[in-house]
Amino acid sequence: GANAAEVLNNYDWFKDMGYLAFIRDVGKHISINYMMAKESVKKRLETGISFTEFTYQLAQGYDFLHLYETRGCTLQAGGSDQWGNITTGTELIRRKLSGEAYAMTFPLITKADGKKFGKSEQGNVWLDRKRTSPYRFYQFWLNTSDEDALRYLRIFTFLAPETILEIEAAHAQAPQQRLAQSRLAEDLTLRVHGPSDLATAQAASQILFGQSTADELALLDAETFDDVFEGVPRFTVSRQLLDAGLNVVDLLADSAVLPSRGEIRRALKENSLALNKVKGLAEDRVINTADLLNNRFLLFQRGKKQYYVVVAE
């Protein structure tokens with residue numbers, strides 16, 4: 001027969017997360033009718049809305065209240081889809097503290113498919129290199145659609161209007177060259193990560209998709225190498241065997257890069273196999289740790305587009 005408050009008080013984790021304080025400080029100021037009048041809620045009532053989504057405006061409003069009280073924050077800005085949540089905060093501040101706070105929103109940036117450009121969507125991109133490496137950052141913009149790239153040049157770059165018009169005209173003449181995407185990726189990577197990381201990202205992009213040399217491959221750090229060759233078949237080889245030196249046929253056979261020794265010898269005879277972007281492997285070629293990239297990787301290439309990564313372990 002204990003009431004809800006007594007039950008909740010018996011759970012330390014409820015008290016630790018401030019749940020009771022949240023209910024006490026917010027619940028008595030914001031009514032169900034007020035919450036249901038929000039446009040974002042009304043749109044979802046017919047199709048279905050979870051309790052979590054319904055009460056999210058209370059959590060965001062409480063956050064605004066806390067910042068108002070502790071940091072003197074009087075303005076919260078966000079995307080246009082956050083208007084209802086932000087104004088719940090301004091209303092809570094008015095009702096609880098008789099204070100004044102303000103909301104400011106901006107039109108959502110969307111992709112060509114209508115999905116919003118934000119961290120909650122798949123394929124998002126971060127400014128922090130620990131979350132999105134410079135290479136992945138560069139590739140993100142390089143792989144945008146024509147429609148998105150032309151819009152993003154206006155939104156994310158500081159290029160002069162006349163320069164953007166010139167890029168648009170050139171792109172329209174030869175869309176297969178992806179001039180808009182290239183300029184977008186170059187401008188943003190340069191400003192976010194700097195000239196050195198831009199140069200590395202551009203060189204790395206040429207390894208899979210263009211002509212590159214062994215010297216350019218050797219310049220890649222381990223992180224960028226992993227990014228460039230993500231999804232490429234990977235095999236392992238014993239570092240101990242590499243220390244002593246391992247014949248190329250034995251290495252490729254033991255690590256199962258190619259299905260048989262006969263196929264390996266045939267590829268070598270045809271000169272269709274390259275190691276670390278260098279062709280001309282002989283059957284008696286001995287591979288050792290000196291051949292490792294970043295002291296860890298061997299990159300084999302068969303033909304133009306078949307890559308295999310062998311990792312020393």
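Here the structure is a predicted model, which means the values were calculated and not measured.

1. Comments concerning unusual backbone geometry
With a phi close to 65 degrees, A256 is a non-glycine residue in the positive phi region. Of note, A256 is situated in the loop between α16 (248-254) and α17 (261-269). The backbone of N294 shows a phi angle near 55 degrees, a positive value even though the residue is not glycine. With respect to the helices and strands, N294 occurs in the loop between β7 (286-287) and β8 (297-302).

2. Things to note about the packing of aromatic side chains
Within this structure, the stated rule accounts for nine aromatic pairs. Ring centres 5.3 Å apart and planes at 70 degrees place the aromatic pair Y152 and F156 in the edge-to-face group. Within this pair, Y152 and its partner F156 are both found in helix α9 (residues 146-156), separated by four residues, close to a single helical turn. Here Y152 falls in the buried class, since its relative accessible area comes to 1%. The interplanar angle of 45 degrees and the centroid separation of 6.4 Å between the aromatic rings of F235 and Y308 together place this pair among those described as tilted. You can see F235 sitting in strand β3 (residues 234-237) and its partner Y308 sitting in strand β9 (residues 306-312), a full 73 residues away along the chain. We classify F235 as buried; its relative accessible area is 17%. Using a relative accessible area of 9% as the deciding quantity, one classes Y308 as buried. One aromatic cluster is present, built from ring pairs that chain together F137, F140, W141, Y152 and F156. A cation over an aromatic ring shows up here: R131 above the ring of W126, its NZ or CZ 3.8 Å from the ring centre.

3. Focus: the confidence of the model for the protein chain
Detailed reading of predicted coordinates is not advised where the pLDDT is low. Model confidence for the protein chain is summarised by a mean pLDDT of 85, while 89% of its residues fall at 70 or above. The least confident element of the protein chain, judged by mean pLDDT, is helix α1 (residues 4-9) at 49; the most confident is helix α11 (residues 179-193) at 97.

4. Here's the deal with the pairing of strand β1 (residues 75-79)
Put simply, side chains in a regular strand alternate between the two faces of the sheet. With five bridges joining them, β1 and strand β2 (residues 102-106) adopt parallel strand pairing. Of the residues in β2, the one forming a bridge with L75 is Y102. Handedness of the crossover joining β1 and β2 through helix α7 (residues 83-97) is recorded here as right-handed.

5. A look at the packing of α9 against helix α10 (residues 161-173)
Packing of α9 against α10 brings their axes to within 10 Å, and their N-to-C directions diverge by 165 degrees. Looking at the two axes, α9 sits roughly antiparallel to α10. Here α9 runs over α10; the crossing is right-handed. Each of D146, L150, L153 and R154 in α9 lies in contact with α10, whose residues at this interface are I164, L165, I167, E168 and H171.

6. As for the pairing of β9
A large share of β9 lies buried, amounting to six of its seven residues. With four bridges connecting them, β3 and β9 associate as parallel partners. Across the sheet, R234 pairs through a bridge with V309, a residue of β9. Inspection of the sheet shows β8 paired to β9 by six bridges, in the antiparallel sense. Note on β9: the bridge partner recorded for Q301 is Y307. Where β8 folds back on β9, the antiparallel hairpin that results is connected by three residues, among which G303 adopts a positive phi of roughly 70 degrees.

7. Here's the deal with the side chain of T224
For T224, the position within the fold is in helix α14 (residues 222-228). When its relative accessible area of 7% is taken as the criterion, T224 is described as buried. Excluding residues that lie within four positions of it along the chain, T224 makes contacts with Y135, T200 and A204.

8. Description of the environment of L150
Mapping L150 onto the fold places it in helix α9. Judged by relative accessible area, which is 24%, L150 ranks as partly exposed. The sequence separation of L150 and Q181 amounts to 31 residues, and the corresponding C-alpha distance is 8.0 Å. Not counting residues within four places of it along the chain, the set of residues in contact with L150 comprises E168 and A180.

So, how was this worked out
- Residues numbered from 1 in each chain as written.
- Predicted model: local features only at pLDDT ≥ 70, side-chain atom pairs only at ≥ 80, totals over all residues.
- Heavy atoms only, no water.
- Helix = DSSP H or I, 4+ residues; strand = E, 2+ residues; numbered from the N terminus.
- Phe/Tyr/Trp six-rings, centres within 6.5 Å; stacked < 30°, edge-to-face > 60°.
- Buried < 20%, exposed > 50% of the residue type's maximum accessible area, 1.4 Å probe, protein only.
- Lys NZ or Arg CZ within 6 Å of the ring centre and 35° of its normal.
- pLDDT = per-residue confidence, 0-100.
- Pairing = 2+ DSSP bridges.
- Right-handed = clockwise from strand over helix to strand, strands pointing away.
- Axes fitted to C-alpha atoms, helices over the stretch in contact; angles between N-to-C directions.
- Parallel < 35°, antiparallel > 145°, perpendicular 65-115°, else oblique.
- Left-handed = near helix turned anticlockwise from the far one by under 90°.
- Contact = heavy atoms within 4.5 Å.

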